[in-house]
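Notes for the structure review
What follows is the residue order along each chain.
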Amino acid sequence: MCGIVGYIGEKQTVPILMEGLEKLEYRGYDSAGVAIYSQEDLVVKKFKGRLSVLADYLEENPLPGVLGIGHTRWATHGEPNDINAHPHTSYHGKIAVVHNGIVENYMKLKNWLKGKGIEFKSETDTEVIAQLIEYYYEGNLVEALQKAIQKMEGAYAIGVICKDQPDTLIGYRKDNPLVVGIGKGENFIASDIPALLKHTRDVYFLEDGEMAVLTRDHITILNDLGEEMNRDPFHVTWDIESAEKGGYQHFMLKEINEQPKAVRDTLFPRVDKENRIKLDELRLTGEELNQFNKIIIIACGTAMHAGLVGKYAIEKFARIPVEVEIASEFRYKDPFVDKKTLLIAVSQSGETADTLAALREAKGKGAHVLTVTNVVGSRISREAHDVFYTWAGPEIAVASTKAYITQIIALNLIGLYLAELKGTMTRAEVADKVAELKNLPDKIQAILDHQENIQAIANKQFNQQSVFFIGRGIDDYTSKEGSLKLKEISYIHSEAIAAGELKHGTIALLEKGTLVIALATQDQLYDKMLSNMKEVKARGAFVVAITKEKSREEVEESADVVLSIPDTDNVFTPVLAVVPLQLFAYYTAVARGADIDKPKNLAKSVTVE
Ligand code: F6R
């Protein structure tokens with residue numbers, strides 16, 4: 001998630017932008033840059049790497065000016081390097097833009113502009129915005145931006161300055177955050193409040209489709225029809241630390257709550273209005289894809305759990321055998337891999353040592369390697385043949401949540417794409433599934449809107465010694481993820497057992513009051529799960545059941561507490577059912593006073609074997 005800062009006033013801009021960008025560092029970034037209106041020109045300085053690289057340069061090469069925009073980039077289109085870093089300028093250098101989000105139709109727009117003789121320097125979608133604005137610019141920056149926006153699809157927030165307009169700074173938002181800071185003789189824009197707090201606590205929150213036109217002394221907010229809007233300023237009372245977490249107590253909770261957006265960002269650019277899937281990132285032809293006779297998914301931890309869910313979906317949709325291997329095991333077992341194997345390496349960080357080593361092992365044996373990763377330019381993304389980026393935004397909390405959900409979305413899309421190619425599903429059947437995938441963000445939100453129910457259970461159960469998760473079929477995989485989340489952040493021992501396997505040993509551990517979390521979301525396995533719940537209840541267990549809304553009443557007879565998730569296709573339930581489990585782990589850890597964002601003994605990226 002990129003960070004934007006903009007300033008117009010009387011003070012020197014560079015120090016203000018750099019301080020603001022530092023305050024946005026928590027969002028994660030791989031490069032940084034500024035564009036300053038200096039000596040009647042737009043001067044851009046931008047570098048790959050930490051902010052200190054840019055800061056050191058600007059200290060040695062001062063850039064005077066009282067209008068400017070700054071940016072920390074988290075790469076989505078094009079690897080992290082100096083050229084792809086923001087700000088981006090237009091062909092004749094008239095317009096400079098910083099951007100957070102994704103312009104979904106940027107390739108189409110880029111080709112259209114190229115057809116008009118406009119040359120591009122970077123691989124980014126952002127450069128298209130700068131070029132479009134200049135293309136439409138006839139002396140009125142607001143009008144040019146309004147025209148450009150009409151052409152753009154996607155979710156984005158942008159900051160714009162123009163060489164001909166040293167008295168104007170513009171911000172615009174559509175589905176991505178942008179706040180306007182209100183000063184005296186100076187005004188600001190930023191992606192997030194921490195960047196502004198040193199200078200002002202009075203802000204305007206822009207609504208979707210609104211544009212803020214800032215001069216030193218004035219702020220005008222225009223709606224999408226160009227009408228001026230009246231807005232009451234909001235006075236910020238939070239301290240910097242809670243502002244960084246968007247008002248949430250922990251990054252983990254923030255990231256759980258960002259999941260509807262993470263799913264939207266990963267899914268929507270890859271499906272069109274007719275619910276057709278376009279995976280431009282897969283450079284293999286249909287014929288080549290059709291030649292694979294098996295798929296192996298390699299990953300570790302939470303990413304491996306996403307792989308298990310992916311296996312279920314891909315096998316069901318595309319009828320190709322899929323194996324899921326723990327990366328640290330795969331590399332030492334002399335695996336059966338050849339040219340007809342498609343290897344999918346799933347990794348949030350793209351840096352996990354075991355996953356990387358397993359990828360190399362398979363590549364050496366001739367497999368075609370596709371990675372599903374969240375970090376552009378990561379080692380795994382560089383070594384894979386093809387990359388499917390999840391666009392969850394940076395994940396700061398050690399416990400993975402939003403990355404996991406987007407990995408499942410990615411694997412479902414790959415499964416459906418293969419299914420249509422192989423003819424195991426018709427175009428209409430695939431379109432039906434895509435239509436339901438599109439409903440998932442709202443359904444996740446519906447669960448998040450009632451998180452107090454889950455908090456109430458956690459507040460009663462946080463003293464458990466051991467917690468057991470049971471489920472069948474795809475629910476077993478979600479159970480595994482729920483169990484891992486609980487143990488890693490609350491330090492309670494927990495196990496996930498396939499429900500039918502309980503009576504073969506583990507049931508001996510149940511005592512009066514032992515907490516069993518039972519997932520019963522699969523219509524075809526539902527009766528069996530009801531029996532398993534009765535079985536553990538008869539041994540004194542306290543049963544919390546997770547089921548679809550339509551089964552709620554029936555399940556109430558077999559469980560002590562029922563949490564329901566919105567109805568959805570059986571294959572997609574993991575995307576919804578994991579949310580209450582993440583929240584349960586989170587609120588249990590809060591009740592136990594654990595260090596949630598940095599659990600003991602764990603690291604965000606495991607780069608050693
Ligand atoms: C658990 C968790 C880990 C990671 C695992 C793989 O919440 O985050 O289990 O999933 O270390 O990491 P990546 O996905 O970066 O390869």
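**Section: the packing of helix α16 (residues 451-461) against helix α20 (residues 573-591)**
Remark: α16 packs on α20, axes separated minimally by 8 Å, with the N-to-C direction vectors making an angle of 45 degrees. Classified by the interaxial angle, the pair formed by α16 and α20 is oblique. Crossing of α16 against α20: the hand is right-handed. Contacts from Q451, I454, Q455, I457, A458, N459 and Q461 in α16 reach P580, L583, F584, Y587, T588 and A591 in α20. Residue composition of the contact of α16 with α20, grouped by class: eight nonpolar, five polar and no charged.

**Some words on the pairing of strand β3 (residues 41-48)**
Here strand β2 (residues 31-38) pairs with β3 via eight bridges, running antiparallel. Along β3, the bridge assignment pairs V34 with K45.

**Some thoughts on the packing of aromatic side chains**
All chains considered together, the criterion is met by eight aromatic pairs. Taken together, a centroid distance of 5.2 Å and an interplanar angle of 70 degrees make the contact between W112 and Y135 edge-to-face. In this pair, W112 is assigned in helix α3 (residues 106-114) and Y135 in helix α4 (residues 126-136), connecting sequence segments 23 residues apart. Under the relative-accessibility criterion, W112 is labelled partly exposed at 30%. Its relative accessible area of 35% is what places Y135 among the partly exposed residues. Here the aromatic cluster, defined as three or more aromatic residues joined through ring pairs, consists of W112, Y135 and Y136. Geometry around W391 places R270 over its ring, the cationic atom sitting 4.2 Å from the centre. The ring of Y491 is capped by K600, whose NZ or CZ atom sits 3.8 Å from the centre of that ring.

**Structural notes on α4**
Of all 11 residues making up α4, 10 are buried, and the element is well covered by its neighbours. Every buried residue belonging to α4 is among T126, E127, V128, I129, A130, Q131, L132, I133, E134 and Y136, and all of these are buried. Tucked inside the fold, the buried residues of α4 contact β5 (88-89), β6 (95-103), α3, α5 (141-151) and β7 (154-162).

**Topic: the domain arrangement of the chain**
Here the domain parsing of the chain yields domain 1 (3-240), domain 2 (245-448) and domain 3 (451-591). Centre-to-centre separation of domain 1 and domain 2, based on C-alpha positions: 32 Å. Contacts between the two partners involve 16 residues from domain 1, matched on the other side by 15 residues from domain 2. Summed over both partners, the interface of domain 1 with domain 2 buries about 1,300 Å², with 65% contributed by carbon and sulfur atoms. The three residues of domain 1 that bury the most area against domain 2 are Y26, W74 and E104, which together make up 41% of that side's buried surface. Put simply, domain 1 and domain 2 have zero salt bridges between them. Summed over the shared surface of domain 1 and domain 2, the number is one residue pair in polar contact (both at pLDDT 80 or more).

**Some points on the sheet that holds strand β9 (residues 179-182)**
With antiparallel pairing, the eight strands of this open sheet are ordered in space as β3-β2-β4-β1-β10-β9-β11-β15. Two strands lie at the open edges of the sheet, namely β3 and β15 (234-235), each paired on one side alone. Summarising the sheet, β9 and strand β11 (residues 202-205) pair through three bridges and their orientation is antiparallel. Across the sheet, the residue bridging to V179 is F205, located in β11. Packing of helix α2 (residues 51-60) onto the sheet brings it into contact with β2, β3 and β4 (67-73), and relative to β3 it is tilted by some 135 degrees.

Criteria and cut-off values
- Residues numbered from 1 in each chain as written.
- Predicted model: local features only at pLDDT ≥ 70, side-chain atom pairs only at ≥ 80, totals over all residues.
- Heavy atoms only, no water.
- Axes fitted to C-alpha atoms, helices over the stretch in contact; angles between N-to-C directions.
- Helix = DSSP H or I, 4+ residues; strand = E, 2+ residues; numbered from the N terminus.
- Parallel < 35°, antiparallel > 145°, perpendicular 65-115°, else oblique.
- Left-handed = near helix turned anticlockwise from the far one by under 90°.
- Contact = heavy atoms within 4.5 Å.
- Nonpolar A, V, L, I, M, F, W, Y, C, P; charged D, E, K, R; others polar.
- Pairing = 2+ DSSP bridges.
- Phe/Tyr/Trp six-rings, centres within 6.5 Å; stacked < 30°, edge-to-face > 60°.
- Buried < 20%, exposed > 50% of the residue type's maximum accessible area, 1.4 Å probe, protein only.
- Lys NZ or Arg CZ within 6 Å of the ring centre and 35° of its normal.
- Domains from an automatic or database assignment.
- Buried area = accessible area lost by both parts, 1.4 Å probe.
- Salt bridge = Lys/Arg side-chain N within 4 Å of Asp/Glu carboxyl O.
- Polar contact = N/O pair within 3.5 Å; in protein donor to acceptor, adjacent residues only side chain to side chain.

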